[in-house]
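The lines below spell out each chain.
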Amino acid sequence: MSGSSVLFDAPGPRARRLSLISSIVTGVVIVAGLAWIVMTLAAPRESGGITLPGFFDPSRWDIFTDPVVWERILVVGVGGTLQAALTASVFAIALGMVFSLLRSSEIRWIRVPTAIVLEFFRGMPLLLMMLFILLVFSVPAFWAVVVALTLYNGALIGEALRAGLAALPRGQREAGLSLGMRPLQSKMLVEFPQAFRQMLPIIVAQLVVLLKDTSLGYIVGYVELMRVTLNNMASFFGNRYLFSLFVVTLVLYLIMNLSLSWFARWLSRRTASKSSGKRLDPDNPNQAMLLAEASAAARQSDQTGGMGGAI
């Protein structure tokens, strides 16, 4: 049996012909749909007895030749979005680390309440959380957005880190304990760094979601990208420029999110190559000493276990 047909039989001439025809038909339908959308948007339209130009007409895009417009969009809009996202990201990662340690605790009265709190934050709608913080605690809109994003994403990051801790081999914890560490020391110094490195791509991907969720600050009055473009500027310049402002907002969000996604993929490859490339170097005195201590502790543990079995 050939390697190319292990999972399924190789397609015959008829199957290949049908696959080619279906691909061509699907491509033609997609191109025709896109062409129809572009033609519909570019066509003039009647509104209240007035003929309005198409959405691609230069008169709908002339405001973007003004540097003040770009200064307002980039400095106020993008700046507000990134400020809330960066602040919430730092707090969410720190809170996620605390949640993961409490959730993986061996003490039941710590582990169970933490699980209840995590489920509450994960199940509560993010917008409702923003409104609750804004109305009940009477904080500025910025902190309502940041605190809500911190609590929600901190709970998700905490669960990801807890899964990373649970996925580690049991020998990692035993190695730390064999060197004389306490359980908390072993978790903080041996297990947690490895779990954090393994879950780092997932954490960065969650930060992409956090960046997109800053747009909910539009509802609670926080001045971010969507509020600047689709609310303030659309009200000032009129609905004539609503589509162009929407396109610019979409492109800016795509640039920010795709840049962060690219960084997540790069970080994933970087951490994977580093973790796979690490080897114990017998010529390194520090690594040799740690290896010797671990071996001696393991032999002592075996001898103690053998004497206990004999008794």
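Residues numbered from 1 in each chain as written. Predicted model: local features only at pLDDT ≥ 70, side-chain atom pairs only at ≥ 80, totals over all residues. Heavy atoms only, no water.

**So, the overall build of the chain**
Each helix and strand counted, the chain has ten helices and two strands in total. Reading the helices (α) and strands (β) of the chain from amino to carboxyl end gives α-β-β-α-α-α-α-α-α-α-α-α. By the burial criterion, 31% of the 311 residues in the chain qualify as buried. Restricting to contacts in the chain with at least 6 residues of sequence separation, those with at least 24 account for 68%. Within the structure as shown, the chain displays about 19200 Å² of accessible surface, and the carbon and sulfur contribution to it stands at 68%. (Helix = DSSP H or I, 4+ residues; strand = E, 2+ residues; numbered from the N terminus. Buried < 20%, exposed > 50% of the residue type's maximum accessible area, 1.4 Å probe, protein only. Contact = heavy atoms within 4.5 Å. Areas by Shrake-Rupley, 256 points an atom, 1.4 Å probe, with all protein chains shown as cover.)

**With respect to the side chain of Ser 244**
Position of Ser 244 among the secondary structure elements: in helix α9 (residues 242-277). Its relative accessible area of 2% is what places Ser 244 among the buried residues. Polar contacts involving the side chain of Ser 244 include one to the main-chain carbonyl oxygen of Tyr 241, which spans 2.9 Å. Apart from residues lying up to four places away in sequence, Ser 244 is in contact with Arg 60, Trp 61 and Phe 64. (Polar contact = N/O pair within 3.5 Å; in protein donor to acceptor, adjacent residues only side chain to side chain.)

**Remarks on the environment of Asn 153**
As for its position among the elements, Asn 153 is in helix α5 (residues 141-167). Residue classification places Asn 153 among the buried residues on the basis of a relative accessible area of 0%. Residues Asn 153 and Ala 92 lie 61 residues apart in sequence; the distance between their C-alpha atoms is 5.8 Å. Leave out the neighbours within four places in its chain, and Asn 153 touches Ala 92, Gln 206 and Leu 210.

**Observations concerning the confidence of the model for the chain**
Of the residues in the chain, 84% reach a pLDDT of 70 or more, and the chain-wide mean stands at 82. A low-confidence stretch, residues 277-291 stays under pLDDT 50, and its non-local contacts, those more than four residues away or across chains, total seven contacts. Per-residue pLDDT stays below 50 along residues 301-311; that stretch engages in zero contacts with residues further than four places along the chain or on separate chains. (pLDDT = per-residue confidence, 0-100.)

**Description of unusual backbone geometry**
In this model, Ser 138 sits at a positive phi of 55°, which is unusual for a non-glycine residue. Following the sequence through the fold, Ser 138 ends up in the loop between α4 (126-137) and α5.

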